[in-house]
Each structure stands twice: as structure tokens, then as C-alpha cells.
Amino acid sequence: MLKNPLVLFLFVLNLFGCIEHQCARDTEISKQTSKKSLLPIESFVKVEQIVFKGKEALDSYSGSGSIVKTEEDTTFVLTAKHLCSFELDLVAVGEVKPTSQQMFIYDLENVIHEATIINKSETYDFCILQVDSDLKRPAISLSKSPPTLAERVFNIAAPVGIFGKHMVPMYQGFYSGNFEISPGVEMSGFSIPTQTGSSGSPIFNEDMELISIILRKTKDFENFAIGGTHQQLKEYLASNLNI
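Reading guide: rules and limits
Residues numbered from 1 in each chain as written. Predicted model: local features only at pLDDT ≥ 70, side-chain atom pairs only at ≥ 80, totals over all residues. Heavy atoms only, no water. Pairing = 2+ DSSP bridges. Helix = DSSP H or I, 4+ residues; strand = E, 2+ residues; numbered from the N terminus. Axes fitted to C-alpha atoms, helices over the stretch in contact; angles between N-to-C directions. Contact = heavy atoms within 4.5 Å. Core = buried A, V, L, I, M, F, W, Y, C linked by side-chain atoms within 4.5 Å. Buried < 20%, exposed > 50% of the residue type's maximum accessible area, 1.4 Å probe, protein only. Patch = residues over 30% accessible without salt bridge, like charges linked within 9 Å, V, L, I, M, F, W, Y side chains within 5 Å. Areas by Shrake-Rupley, 256 points an atom, 1.4 Å probe, with all protein chains shown as cover. Salt bridge = Lys/Arg side-chain N within 4 Å of Asp/Glu carboxyl O. Polar contact = N/O pair within 3.5 Å; in protein donor to acceptor, adjacent residues only side chain to side chain. Phe/Tyr/Trp six-rings, centres within 6.5 Å; stacked < 30°, edge-to-face > 60°.

Enquirer: Just to check I follow, could you spell out the sheet that holds strand 9 (residues 185-190) for this structure?
Expert: By way of backbone hydrogen bonds, the strands of a sheet pair with one another, either parallel or antiparallel. Around the barrel, 6 strands lie side by side as 7-8-9-12-11-10; this closed barrel has antiparallel pairing. Put simply, the sheet's adjacent strands are angled 45° from each other on average, direction ignored. As judged from the 6 bridges shared by strand 8 (residues 170-182) and strand 9, these two strands associate in the antiparallel manner. Looking at strand 9, one finds that Glu 180 is bridged to Glu 186. Packed onto the sheet, helix 3 (residues 230-241) meets strand 9 and strand 11 (210-217) and runs at close to 110° relative to strand 11.

In C-alpha cells, the structure reads:
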């Protein structure tokens, strides 16, 4: 039993000090675990195409996409046109020509949803998928202005199919400017790591607004992404989704 008043005072002070410190620590941990995601990961989806010969599945390809518009029970996903097409299928499956395809998307819960192609651009490597299901995810906003040279940018992607429940690769880099990839064809460059499966993945500015999507990678250098220009994206979404 503590009879010395000074010892008792120091004991109580130390006890409550420890409790206060523990409470502060618990509060800080609570704040950290409840912080809102900096990137709009809820708007990201993994895209998969399965091609068939009759009822036989021949092959599958995966890429990335983002939700750009929602209407009640309908969701619209932007991705790369070559993920919605058969151009690469003959190479992948040899001499057997696919007769049909099915499109699917995976949300951040890794729940699969069947999707329908509603538009493939005749000019750009853009494609829009429609999902008629209980996919309740927010849409990302298109930036009103194009990026500026050396502006910091962010990317969410599923390279080589890396994606899972509450797990998705995220990157940051810089906008490197627009350039002609071939005569009359302008695209945007970004210092972002890119691999197969990154196609269709969204690129954001610091306001988390969409400025481009990844469409190509360089053959011998994986730390550079090639995407559609902001102007191309703006025209495409305006004419097809009234965004």
C-alpha cells in the first residue's frame, strides 16, 4: 500500500499519463486506418476478353479500365479498343479463328460482371463497355483542361493480370508531352511503368481527374507509357456518352 503522498501522486500521474498516451496512439491508428483513399480506386476495373470457337473457349486476354459514367443500374467503362477486338486473337490462338467473344470486368471486390461492347472508336484506340448489373461504383471525372508539361500524374492498372480483392497496382510519374507516333497520329507520353495488361488503365492529374488512358508500351523500355491525348479523350466521351 502506498502511504507516501508524493509517491502516490507520481504513481497516479504516471498511470494516467500512460493511459493518455495509449489513447492518443489508438486515435492516431484509427485515423490512419479510416483515411480516404487518395486515388479513385473504386472506379477502377480489370477488363477480360474471352474468345470462343463455337462453345469452346480458345483464349483470354486481360487489361484495365475505368468507370466514366453511371445511370441508375447501368455502368459505362472506358478501356482500350484493342481489348475489345479480334485483331490480336489470330496470333494468340494460331490458325483457329474465333467466332465470338465475351467481355467481363472485375471490380475492386474481385466480383465479375458481364459487359457488352457498345462502341469501338473508328479513329482512336478507345472502347466503351456497358455493364447492366448491381455494380455500384463511382464514376471518375474528366479533367476540363489538358495536363501541363512535367505535371505529376497517377495511374491505376492491372499489369500482366496482377489484381485481386482490395489489391491493385498504383503508380505515379510525370506527363512528358505529346508527340507524333506516326505521321498524323499524335499521342501523349508519361513516365509511368507499363506492361501487358496496363492497356486501358486510367491516368489522373493531382485532382484525381482523368487526363488519358494507357494504350501502348515501348518495346525495350517499360518505364514509359503511351496514351491517348486529353483532346482525343474529350471528343470521344462527349460524342458517345455526352460527358
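Back to the write-up after that little detour.
Enquirer: I tried to follow the nonpolar core on my own but got confused; where do I start?
Expert: Generally speaking, nonpolar side chains in soluble globular proteins are found buried as a group. Core analysis: the biggest nonpolar cluster contains 31 residues, and Leu 78, Leu 210 and Leu 237 have the highest contact counts within it. Counting only elements with at least two residues in this core, the list comes to strand 3 (74-80), strand 6 (126-132), strand 7 (152-156), strand 11 and helix 3. The greatest single-element share of this core, amounting to 4 residues, is contributed by helix 3. Ignoring anything within four residues of it in the chain, the contact list for Leu 237 reads Val 68, Leu 78, Leu 142, Asn 242 and Ile 243.

Enquirer: So what exactly am I meant to see when it comes to the pairing of strand 2 (residues 56-71) here?
Expert: Every other side chain in a regular strand lies on the same face of the sheet, so the side chains alternate between the two faces. One ladder, built from 10 bridges, connects strand 1 (residues 44-53) with strand 2; its direction is antiparallel. Across the sheet, the residue bridging to Glu 48 is Ser 62, located in strand 2. Hairpin connection from strand 1 to strand 2: 2 residues lie between these consecutive antiparallel strands, with Gly 54 at a positive phi of about 70°. Taken together, the 5 bridges between strand 2 and strand 3 define a ladder with antiparallel strand orientation. Looking at strand 3, one finds that Ser 66 is bridged to Leu 78.

Enquirer: Just checking my understanding: could you explain the pairing of strand 5 (residues 112-120) for this structure?
Expert: Strand direction decides the pairing type here: strand 4 (residues 100-106) and strand 5, joined by 4 bridges, are antiparallel. Paired with Phe 104 across the strands is Glu 114, a residue of strand 5. Between the end of strand 4 and the start of strand 5, which pair antiparallel, lie 5 residues, with Asn 110 showing a positive phi angle near 65°. Here strand 5 runs beside strand 6; their pairing, made up of 4 bridges, is antiparallel. Note on strand 6: the bridge partner recorded for Asn 119 is Ile 128.

Enquirer: Would you mind going over a nonpolar patch on the surface with me for this structure?
Expert: Taken together, Val 160, Ile 162 and Met 167 make up a surface patch of nonpolar side chains, about 260 Å² in accessible area. Locating Ile 162 in the fold gives a position in the loop between strand 7 and strand 8. With a relative accessible area of 40%, Ile 162 lands in the partly exposed category.

Enquirer: Whenever I open this one, the side chain of Ser 188 confuses me. Can you help?
Expert: Here Ser 188 shows up in strand 9. Polar contacts involving the side chain of Ser 188 include one to the side chain of Asn 178, which spans 2.5 Å. Not counting the four nearest positions on each side in its chain, Ser 188 is found in contact with Tyr 175, Gly 177, Asn 178, Phe 179, Ala 225, Ile 226, Gly 227, Gly 228 and Thr 229.

Enquirer: I'm lost on the packing of aromatic side chains in this one. Help?
Expert: Within a pair of aromatic rings, the relevant descriptors are the distance that separates the centres and the angle that separates the planes. In total, this model carries 4 aromatic pairs according to the counting rule given. Taking the centre distance of 5.3 Å and the plane angle of 50° together, the rings of Phe 126 and Tyr 236 count as tilted. Here Tyr 236 lies in helix 3 and Phe 126 lies in strand 6, a separation of 110 residues in the sequence. Summarising the burial analysis for this pair, Phe 126 and Tyr 236 share the class buried. Ring centres of Tyr 175 and Phe 190 lie 5.5 Å apart, and the angle between their planes is 45°; this geometry places the pair in the tilted category. Of the two residues, Tyr 175 sits in strand 8 while Phe 190 sits in strand 9, which places them 15 residues apart along the sequence. Of the residues examined, Phe 190 reaches a relative accessible area of 1% and is grouped as buried. Linked through ring pairs, Tyr 124, Phe 126 and Tyr 236 together constitute an aromatic cluster.

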